[in-house]
Amino acid sequence: MIGIIGSGIAGLSAALRLRSLGYEVTVFEAHQGPGGKLDEITQDGYCFDLGPSLFTMPQYIDELFELYGEDPRDHFNYIKKETLCNYFWTDGTRFQTPADKQHFITSFSTTFNEDPKKVKQFLEDNEVKYKLTAPLFLQRSLHRIKTYLNWITVKAILKIYRLDLFRPLYATLTSYFNNPKSIQFFSRHATYNGSTPYRTPGIMSLIPHLEMHFGTYYPEGGMRSITESLYQLALRQGIQFRFDEKVTRIDLHKGKAVGLTTVKGSYPFDVVVSNMDVVPTYRKLLKGFKAPEKILSQERSSSALIFYWGIKKSFQDLDLHNIFFSDKYEEEFKCIFEKKTLSEDPTVYVNISSKHTPTDAPEGGENWFVMINAPGNYGQNWEELIELSRERILNKLSTLLGKNIKELVETEFVWDPRGIEAKTNSFLGALYGAASNDRMAAFLRHPNKAPQISNLYFCGGSVHPGGGIPLCVQSGKIVSELINEDFPK
Ligand SMILES: Cc1cc2nc3c(=O)[nH]c(=O)nc-3n(C[C@H](O)[C@H](O)[C@H](O)COP(=O)(O)OP(=O)(O)OC[C@H]3O[C@@H](n4cnc5c(N)ncnc54)[C@H](O)[C@@H]3O)c2cc1C
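Residues numbered from 1 in each chain as written. Predicted model: local features only at pLDDT ≥ 70, side-chain atom pairs only at ≥ 80, totals over all residues. Heavy atoms only, no water.

Undergrad: Requested: an account of the site of the ligand, with residues and values cited.
TA: In the region of the ligand, 34 residues are neighbours, and Glu29, Lys37, Gly461, Gly468 and Ile469 sit closest. Gly36 has a polar backbone atom sitting 3.4 Å from an oxygen atom of the ligand. Between the ligand and Gly468 there is a distance of 2.8 Å, counted from an oxygen atom to a backbone nitrogen or oxygen. When the ligand sits alone it has 1000 Å² of accessible area, and the protein chains cover 95% of it. Elements that contribute at least two residues to the shell around the ligand include exactly helix 1 (9–20), helix 15 (417–424) and helix 16 (469–486). The dominant element in the shell around the ligand, judged by the number of residues it contributes, is helix 16, at three residues. (Near = heavy atom within 4 Å. Polar contact = N/O pair within 3.5 Å; in protein donor to acceptor, adjacent residues only side chain to side chain. Areas by Shrake-Rupley, 256 points an atom, 1.4 Å probe, with all protein chains shown as cover. Helix = DSSP H or I, 4+ residues; strand = E, 2+ residues; numbered from the N terminus.)

Here it is, written out as structure tokens:
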């Protein structure tokens, strides 16, 4: 019997994997429904995806249906995006990113006056980084000796010089590109794991490879349909869910987890999996236990400030994903990671799911998810920062779109780092657990198994391999394989 704490995407993935191996699984969730950050909100006729909006590597979700011999297309569908994202700069430059690689190379080099051969070379080098690391990093625990005893790992180690671990992403980009806008364009991918391009290592340029090679997708019915379809699959397979039942303690006996205590009672388990952020798991559920302080003290990833705006107009210039770049990009990251405040000129991301799901907004309107990257919750005066940011964002979008946006907002909901921390128990409101701002940080996250408790495992954005939907889904797979090795069915 396995008890899982949390029904985020990683908890759902772990539950489904473990159930397919024959284990009895019960998932405890503090909230009324599943999904964690992958949830939705509705307000005044508008429906918004609460957290993630960019969907990549859909095959990882499909695999979960295939485990049970089900055709994913009977339950979960998505379309491939032909345009990855629309970019806007304050000097009037605009760039619509084509998904097709050849088209991208031509269009990018023309718009930004770059050498197409260098653009091609950059994309090819990113592919090498991905191919060398993905089989090792995305699919295995880094804390099992057998991970290192195979040819794939040896190959990655022999070619470590090609991984670009020894300089920041920003420096990598300046070695390929001349135009500051090209560099800014590819720097943004550091934010996909909540890091700064000025410190995260050059290996992170493999992130654009995920978008440009594997594509980006939109799930029919919005991001929330990922949660809903997996939850329905879990119910069909007999996984038990106990909602509104916050876990308050992991019960230990002689160095082993023997069960879970919740706000409603105590339950014995043979194995426990925590999908809760690793820091509060130790601090709140394992009080008195000696935590791995060095790992827990790793710098956290960025958080976010999001305005969910119901807009009573539709904009032809905008697509599903839109970025309005800052003129002071380096300063923006200094604000987030050093000054722990919000930039005066933030990069603004606008996601509009009603472009694909028209019922997400009343007729003629659009549901805008307007996000800026933010520092974690260190007790800042958030009310003041939110007021200031709202005005700055409204001014920026109004100027770049040539419309008074303030007049068009007919409903608003705000989610800030305090709310993210409170709703999902993510330490400091970090979106992706630990940041990858150091050379080896991505490889030194908390392992998927507790070092000192033989039957306690971890999945989710705060542990290996990292945050974001694809990596969280993979963490569920890694955990299920570890449990199956340690406690075979
Ligand atoms: C605003 C925002 C934008 C993002 N954008 C993207 C994106 O575009 N693409 C992408 O791939 N990723 C994105 N992410 C990151 C992505 O959402 C996360 O990495 C991922 O959803 C984390 O999943 P998880 O399973 O680790 O944890 P969570 O989703 O945090 O789930 C943890 C669950 O555990 C529950 N829980 C916690 N403590 C307890 C307890 N004591 N007892 C019982 N239950 C408990 C919580 O209620 C929650 O349901 C974004 C995140 C946010 C917040």
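Undergrad: So what about helix 9 (residues 206–214)? Which residues, and what values?
TA: Counted residue by residue, helix 9 has seven buried out of nine residues, so it is predominantly covered. Those residues of helix 9 lying buried are Leu206, Ile207, Pro208, His209, Leu210, Glu211 and Met212. Check the buried side of helix 9 and you find it contacts strand 7 (83–88), strand 8 (94–98), helix 3 (101–112), helix 4 (116–137), helix 8 (180–187) and strand 9 (216–219). Where helix 9 terminates, the next one or two residues include Gly215, which has phi positive at roughly 95°. (Buried < 20%, exposed > 50% of the residue type's maximum accessible area, 1.4 Å probe, protein only. Contact = heavy atoms within 4.5 Å.)

Undergrad: Quick rundown of empty space enclosed by the protein? Include the residues and the values.
TA: Over the atoms rolls a probe the size of a water molecule, and its path tells where empty space is left. One pass over the full model with this rule turns up four cavities of 30 Å³ or more. Considered as a void within the structure, the largest cavity measures approximately 80 Å³ in volume. Split by residue class, the lining of the largest cavity holds five nonpolar, three polar and three charged. In this structure, the second largest cavity encloses a volume near 50 Å³. Within the residue set of the lining of the second largest cavity, elements represented by two or more residues are strand 4 (46–49) and strand 18 (366–374). (1 Å grid on protein atoms, 1.4 Å probe; cavity = no way out; pocket = protein on both sides within 12 Å on 5 of 7 lines; lining within 4 Å. Points joined across faces, edges and corners; volume = space filled by probe spheres on them. Nonpolar A, V, L, I, M, F, W, Y, C, P; charged D, E, K, R; others polar.)

Undergrad: Can you lay out the nonpolar core for me, pointing to particular residues and giving the numbers?
TA: Counting residues in each nonpolar core, the largest one holds 58 residues, and the members touching the most others are Ile4, Ile9, Ile61, Ile226, Leu230, Val273 and Ile483. Ranked by residues supplied to this core, first place goes to helix 16 with eight residues. In this structure, Tyr46, Phe122, Tyr308 and Trp415 belong to the second largest nonpolar core, which totals 44 residues. (Core = buried A, V, L, I, M, F, W, Y, C linked by side-chain atoms within 4.5 Å.)

Undergrad: Lay out the packing of helix 4 against helix 9 in plain terms, naming residues and giving numbers.
TA: Running from N to C, helix 4 and helix 9 point in directions that differ by 100°, and their axes come no closer than 8 Å. The angle between helix 4 and helix 9 falls in the class roughly perpendicular. Here Leu123, Asn126, Glu127, Lys129, Tyr130 and Thr133 of helix 4 come into contact with helix 9, specifically with Leu206, Pro208, His209, Leu210, Met212, His213 and Phe214. Counted by class, the contact of helix 4 with helix 9 contains seven nonpolar, four polar and two charged residues. (Axes fitted to C-alpha atoms, helices over the stretch in contact; angles between N-to-C directions. Parallel < 35°, antiparallel > 145°, perpendicular 65-115°, else oblique.)

Undergrad: Run through unusual backbone geometry, naming residues and quoting values.
TA: Looking along the chain, the bond that leaves His464 and enters Pro465 is cis, with omega of 0°. Within the fold, Pro465 resides in the loop between strand 20 (456–458) and helix 16. A positive phi angle, close to 55°, is found at Asp244, a residue other than glycine. Mapped onto the elements, Asp244 comes out in the loop between strand 10 (240–242) and strand 11 (247–253).

Undergrad: Summarise the sheet that holds strand 19 (residues 409–415); cite the residues concerned and give the values.
TA: The seven strands are arranged 8-7-16-17-18-15-19 in an open sheet whose pairing can be described as mixed. Edge positions in the sheet fall to strand 8 and strand 19, since each of these pairs with one other strand and no more. On average, each strand axis in the sheet is tilted by 20° relative to the strand beside it, whichever way the strands run. Taken together, the six bridges between strand 15 (residues 303–311) and strand 19 define a ladder with antiparallel strand orientation. Residue pairing across strands places Ile306 opposite Trp415, the latter belonging to strand 19. Against the sheet, helix 15 touches strand 15, strand 18 and strand 19, its axis set at about 100° to strand 15. (Pairing = 2+ DSSP bridges.)

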